[in-house]
Amino acid sequence: MTRAARSVASPNVVCIEDFRPIARQRIPKSVFDYLDGGAEGEVTLRENCRIFNDVTFRPRHAVDVGKCNLRTRVLGFDLALPFMLAPVGYSRLMHPGGEVAAARAAGRAGTGYILSTISGHKLEDVRAGSTGPVFYQLYLMGGRGAAEAAIDRARVAGFNGLVVTIDTPVSGIRERDYRNGMKELISGSAFDKIPFLPQIFSRPGWLIDYVRDGGLPGLPNVIIPGKGQMPLVDINAALAESTPTWADLKWIREHWKGPIVIKGVLTADDARRAIDEGVAAISVSNHGGRQLDGLPASLRALPEVVEAVKGRIELLMDGGIRRGTDVVKALCIGAKAVLCGRAYAYGLAAAGEAGVDRAIEILKTDVERTLRLLGCPSVAELDRSYVNVPKEWEAA
Ligand SMILES: Cc1cc2nc3c(=O)[nH]c(=O)nc-3n(C[C@H](O)[C@H](O)[C@H](O)COP(=O)(O)O)c2cc1C
């Protein structure tokens, strides 16, 4: 076992929450808070996790279900697990392995990985790293030309689907990032950076890895025609100039013939609109509480969307998944699979690829144990009869 794997083995890490202090110790505060934090007062961020307590289980006791089947099928791909890894921008800042390491761990576990546009690794390297399905999450930053070039590269590289995130007309305000000088550290002058350097120097292990990895990664998948690779400087401005709209889906579909997932749906209206646009799936998501604070928790929005979709397309959900019981509750309410963001990113920040492996292992064994405790032999059989949801949710 490697040192990194040992650092996140039991009893050091028994549940996902246990990664947090280890990650906090290894990476600078600015990077940890970027990963851990949310928008404004972080109400939606907290609610995403808390809401799972409002749903309780209805087990079928005294049945022996034997070995449980965790397999599911999403967008035509067989997955060994009912959860995939969500797009997490700047993963390479958390650990040099970054997006490639996360994709490799997902593939090894037999599940899918979604690569963010804000990736420090080339999409070709990420695709080549995984033996499982890999999807490309598209932001329109850098303009249509840059997006078309990325779509073409994703097709040639063998990506299996496109995930279009629609909840970023501008970036949400993540107050921790401002306080930590994230902008100054990434794009400021040497003078601007000075007040924020002590937290970087207090993490020498991370700093050595970072310098060895070549320092601040660029955005190798955002190539602006005539200008070249977009630097990692002003993501907020780039997002504000590239609001994704339903109209964009038309030209995106002309360039991408494979399945498209819309990420960031929270209402029946947007769900129906997505179906009208011919997408294959949607992810009920509030971007992990990082965009508009005051949005409902993703799980709370799920029943309304389930009701609107009526099984016509596949439903995914992301936000607040920290335990296998959370995965199972979301599946009972109607998600085909869920996406995990921070759950694996804490692992990546704590111990690189070994940390992602461990995060996946924890969630997998949690899901399996939960099924057995529920008396349900397979994730395909999970439905509302296995949970109590608050009365007012039924009105959706
Ligand atoms: C550090 C971080 C970076 C993220 N970057 C992106 C991104 O580039 N694109 C995107 O669509 N979603 C992004 N997300 C949102 C995740 O894909 C996902 O919706 C969210 O993390 C789910 O909530 P959870 O972290 O509670 O699981 C990011 C989330 C985090 C924590």
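Residues numbered from 1 in each chain as written. Predicted model: local features only at pLDDT ≥ 70, side-chain atom pairs only at ≥ 80, totals over all residues. Heavy atoms only, no water.

Colleague: Before we go on, may I ask you to explain the nonpolar core in this structure?
Modeller: Soluble, globular proteins show a tendency: their nonpolar side chains are buried together. Of all hydrophobic cores here, the largest spans 122 residues; its most connected members are Y113, M141, I282, L299, M317 and L382. Ranked by residue count, the leading element in this core is helix α19 (residues 342-374), at 16 residues. Counting residues in hydrophobic clusters, the runner-up holds 13 residues, among them L75, M84, V163 and A337. (Core = buried A, V, L, I, M, F, W, Y, C linked by side-chain atoms within 4.5 Å. Buried < 20%, exposed > 50% of the residue type's maximum accessible area, 1.4 Å probe, protein only. Helix = DSSP H or I, 4+ residues; strand = E, 2+ residues; numbered from the N terminus.)

Colleague: How should the environment of A330 be read in this particular structure?
Modeller: Structurally, A330 is set in helix α18 (residues 324-333). Judged by its relative accessible area of 0%, A330 falls in the buried class. Placed 278 residues apart in sequence, A330 and F52 show a C-alpha to C-alpha distance of 8.7 Å. The residues contacting A330, other than those within four sequence positions of it, are L299, L302, M317, A335 and V338. (Contact = heavy atoms within 4.5 Å.)

Colleague: Just to check I follow, could you spell out unusual backbone geometry for this structure?
Modeller: Glycine aside, residues mostly have negative phi angles, and peptide bonds mostly take the trans form. Cis geometry marks the peptide bond from S10 to P11, where omega comes out at 10 degrees. Among the secondary structure elements, P11 is positioned in the loop between α1 (3-7) and α2 (19-26). You will see that L75, though not glycine, has its phi angle at about 55 degrees, which is positive. Along the chain, L75 turns up in the loop between β2 (72-74) and β3 (77-79). Assessed through its relative accessible area of 13%, L75 is described here as buried.

Colleague: I keep staring at the site of the ligand and nothing clicks. Help me out?
Modeller: In the vicinity of the ligand lie 21 residues, with P87, S116, T165, D318 and G320 positioned nearest. Interatomic distance of 3.0 Å between a side-chain N/O atom of Y139 and a nitrogen atom of the ligand. About the coverage of the ligand: the protein hides 98% of its 600 Å² of free accessible area. Taking a 2 Å distance to the grid points as the criterion, the majority of the atoms of the ligand fall inside the largest pocket. Looking at side-chain class alone, the shell around the ligand contains 6 nonpolar, 10 polar and 5 charged residues. (Near = heavy atom within 4 Å. Polar contact = N/O pair within 3.5 Å; in protein donor to acceptor, adjacent residues only side chain to side chain. Areas by Shrake-Rupley, 256 points an atom, 1.4 Å probe, with all protein chains shown as cover. 1 Å grid on protein atoms, 1.4 Å probe; cavity = no way out; pocket = protein on both sides within 12 Å on 5 of 7 lines; lining within 4 Å. Sits in = over half its atoms within 2 Å of the grid points. Nonpolar A, V, L, I, M, F, W, Y, C, P; charged D, E, K, R; others polar.)

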